Amino acid sequence: MTIAVIGTGNMGGAIVRGLIKSGTCDPKDIICTAKTENTLNKLRQYDASLRVSCDNKEAARAADIIILAVKPWFIGDVIEEIRPFVDLKRQMIISVAAGITLKDLTHLLVPDYEQYEMERIMAEAEEREPRLPESFAEPVLFRVVPNTAAEVLESVTFIASRGATGEQVELVRQLFSTIGYTMVVAEKLIPAGTSLASCGIAFAMRYIRAAIEGGVELGFRPGEAAEIVEHTVKGAAALLLSQGTHPEVEIDKVTTAGGITIKGLNAMERAGFTNAVIEGLKASK
Ligand SMILES: NC(=O)c1ccc[n+]([C@@H]2O[C@H](COP(=O)([O-])OP(=O)(O)OC[C@H]3O[C@@H](n4cnc5c(N)ncnc54)[C@H](OP(=O)(O)O)[C@@H]3O)[C@@H](O)[C@H]2O)c1
């Protein structure tokens, strides 16, 4: 299986590193493209066996799976460039570009798609076979939304698809599980997922920043406070992930009647903590 990553920058690079580190792909089966020699050289330095090139067309032609990882505003131009070299009967297309929908991808890859869809509707009404060109193929498309923790292979990644079989969805899920946790969702849940997991990184950072500032007021040096808070948050998440417990169960374990933890929690709630988090999530969506 050959994978082409079109646009191997931060996200494309994280995907490539995940695929290699997990042993999912041999580097020689991954083709990476970028715009500048500088980025291509960094990829060569990372792994000399990677197939590295500026040629998107050749990369697309040679791949079984094409991962589009350029900035969203370049997606239209890149698809137009590679379209003549893409075989939709054979290849799967995955886009990680934020805000580019499966419908956008369909129309960019098959510009006459609406016409074919109309023909299928008419054929169904007239109870006949649709008259579609020999070259027509229903594209197998994936819209994938990782978050910035992909950099350390700890992404939360949402996967929505169109025209894919269960096996193809599972294959793509496995590919992205190399950069962290994955969840297959209906596309309509992507905005909510983006708020919770992509913007969620920033929300979690704000808690961490606030706790560091509090730690300094309590007497720790900033560097010490940062390390304490970062490890505390990591430990809290690890407790939940390893035991599958609800946060309130873990809270109960550290909250004694009339003790200091409940005093702290109640002071935070009086300042609107839970409400602030929920309002922030809703505003981001
Ligand atoms: N970074 C994240 O955490 C994150 C999270 C979720 C989704 N995404 C999505 O991932 C995509 C990439 O974001 P990024 O942060 O990785 O951006 P990035 O670091 O700027 O990477 C984009 C890459 O695309 C290359 N490129 C630009 N034009 C190209 C072309 N015509 N042909 C081939 N390659 C081209 C650039 O090459 P040069 O380096 O040579 O200029 C660069 O390496 C975006 O659509 C973004 O929405 C990113």
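Remember, it's a predicted structure, so these values are computed and weren't measured experimentally.

**Q** Whenever I open this one, the overall build of the protein chain confuses me. Can you help?
**A** Across its full length, the protein chain carries twelve helices and eight strands. With respect to the three principal axes, the spread of C-alpha positions in the protein chain is 75 × 55 × 30 Å. Evaluated residue by residue, the protein chain yields a buried proportion of 35% over its 285 residues. Intrachain contacts of the protein chain at a sequence separation of at least 6 include 62% that bridge at least 24 residues. As displayed, the protein chain has an accessible area near 16,600 Å², and 57% of this comes from carbon and sulfur atoms. Charged side chains in the protein chain number 30 positive and 37 negative. The centres of these two groups are separated by 4 Å.

**Q** For this particular structure, what's the right way to read unusual backbone geometry?
**A** When glycine is set aside, most residues are seen to have a negative phi, and most peptide bonds are trans. Residues other than glycine seldom take positive phi values, yet E127 does so here, at roughly 50°. In this fold, E127 is placed in the loop between helix 6 (113-125) and strand 6 (140-145). When its relative accessible area of 74% is taken as the criterion, E127 is described as exposed. A positive phi angle, near 60°, is found at L153, a position not held by glycine.

**Q** What's the story with the pairing of strand 4 (residues 65-68) in this structure? I'm lost.
**A** In the case of a regular strand, side chains alternate between the two sheet surfaces. The two faces of strand 4 match: I65 and I67 on one face and I66 and L68 on the other face are all buried. Looking at chain direction, strand 1 (residues 3-6) and strand 4 are connected through four bridges and run parallel. Directly across from A4, in strand 4, lies its bridge partner I66. With four bridges joining them, strand 4 and strand 5 (residues 92-95) adopt parallel strand pairing. Note that in strand 5 the partner of L68 across the bridge is S95. After leaving strand 4, the chain enters helix 4 (residues 75-82) and then returns to the sheet as strand 5, a path that is right-handed.

**Q** I keep staring at the nonpolar core and nothing clicks. Help me out?
**A** Side chains of a nonpolar character, in soluble globular proteins, are inclined to be buried together. Ranked by internal contacts, the top residues of the largest apolar core, which has 33 residues, are I66, L68, I75, I93 and L105. Of the residues forming this core, the biggest block, four residues, is contributed by helix 4. Setting aside residues no more than four positions away along its own chain, I93 makes contact with I66, L68, V86, L88, L109, V140, L141 and F142. Of all hydrophobic cores here, the second largest spans 31 residues; its members include I30, V52, M92 and I179.

**Q** Just to check I follow, could you spell out the domain arrangement of the protein chain for this structure?
**A** How large an interface is tends to be reported as the accessible area lost when its parts come together. When the domains of the protein chain are assigned, the result is domain 1 (3-185) and domain 2 (195-284). Relative to domain 2, the C-alpha centre of domain 1 lies at a distance of 37 Å.

**Q** Would you take a moment to explain the environment of G193 for this structure?
**A** Position of G193 among the secondary structure elements: in helix 8 (residues 190-217). G193 gets classed as buried once you look at its relative accessible area, which sits at 6%. Sequence separation of G193 and F158 is 35 residues, and the distance between their C-alpha atoms is 7.1 Å.

**Q** Can you walk me through the site of the ligand in this structure?
**A** Around the ligand, the structure places 23 residues, and the nearest of them are M11, T36, T39, N56 and V70. K35 has a polar backbone atom sitting 3.0 Å from an oxygen atom of the ligand. Note that an oxygen atom of the ligand is positioned 2.6 Å from one of the side-chain N or O atoms of T39. Protein chains bury 80% of the 890 Å² of accessible surface belonging to the ligand in isolation. Among the residues forming the shell around the ligand, the class breakdown is eleven nonpolar, ten polar and two charged.

**Q** Any chance you could explain the environment of E138 here in plain terms?
**A** In this structure, E138 sits in the loop between helix 6 and strand 6. Considering only alpha carbons, one finds E138 and N38, 100 residues apart in sequence, at a separation of 37 Å. Excluding residues that lie within four positions of it along the chain, E138 makes contacts with L88, Y113 and R120. One polar contact links E138 to R120, side chain to side chain, over a distance of 2.9 Å.

**Q** Hey, could you run me through the packing of helix 8 against helix 9 (residues 222-243) in this one?
**A** Helix-helix packing is characterised by the crossing angle of the two axes and by the distance between the axes. Between helix 8 and helix 9, whose axes approach to 8 Å, the crossing angle comes to 135°. Classified by the angle their axes make, helix 8 and helix 9 are oblique. Relative to helix 9, helix 8 is oriented so that their crossing is right-handed. Counted together, Y207, I208, A211, I212, G215 and V216 of helix 8 and P222, A225, A226, V229, E230 and V233 of helix 9 form the full contact between these two elements. Looking at the contact of helix 8 with helix 9, its residues break down into ten nonpolar, one polar and one charged.

Definitions and limits used
Residues numbered from 1 in each chain as written. Predicted model: local features only at pLDDT ≥ 70, side-chain atom pairs only at ≥ 80, totals over all residues. Heavy atoms only, no water. Helix = DSSP H or I, 4+ residues; strand = E, 2+ residues; numbered from the N terminus. Buried < 20%, exposed > 50% of the residue type's maximum accessible area, 1.4 Å probe, protein only. Contact = heavy atoms within 4.5 Å. Areas by Shrake-Rupley, 256 points an atom, 1.4 Å probe, with all protein chains shown as cover. Lys, Arg positive; Asp, Glu negative; His and termini not counted. Charge placed at Lys NZ, Arg CZ, Asp CG, Glu CD. Pairing = 2+ DSSP bridges. Right-handed = clockwise from strand over helix to strand, strands pointing away. Core = buried A, V, L, I, M, F, W, Y, C linked by side-chain atoms within 4.5 Å. Domains from an automatic or database assignment. Near = heavy atom within 4 Å. Polar contact = N/O pair within 3.5 Å; in protein donor to acceptor, adjacent residues only side chain to side chain. Nonpolar A, V, L, I, M, F, W, Y, C, P; charged D, E, K, R; others polar. Axes fitted to C-alpha atoms, helices over the stretch in contact; angles between N-to-C directions. Parallel < 35°, antiparallel > 145°, perpendicular 65-115°, else oblique. Left-handed = near helix turned anticlockwise from the far one by under 90°.

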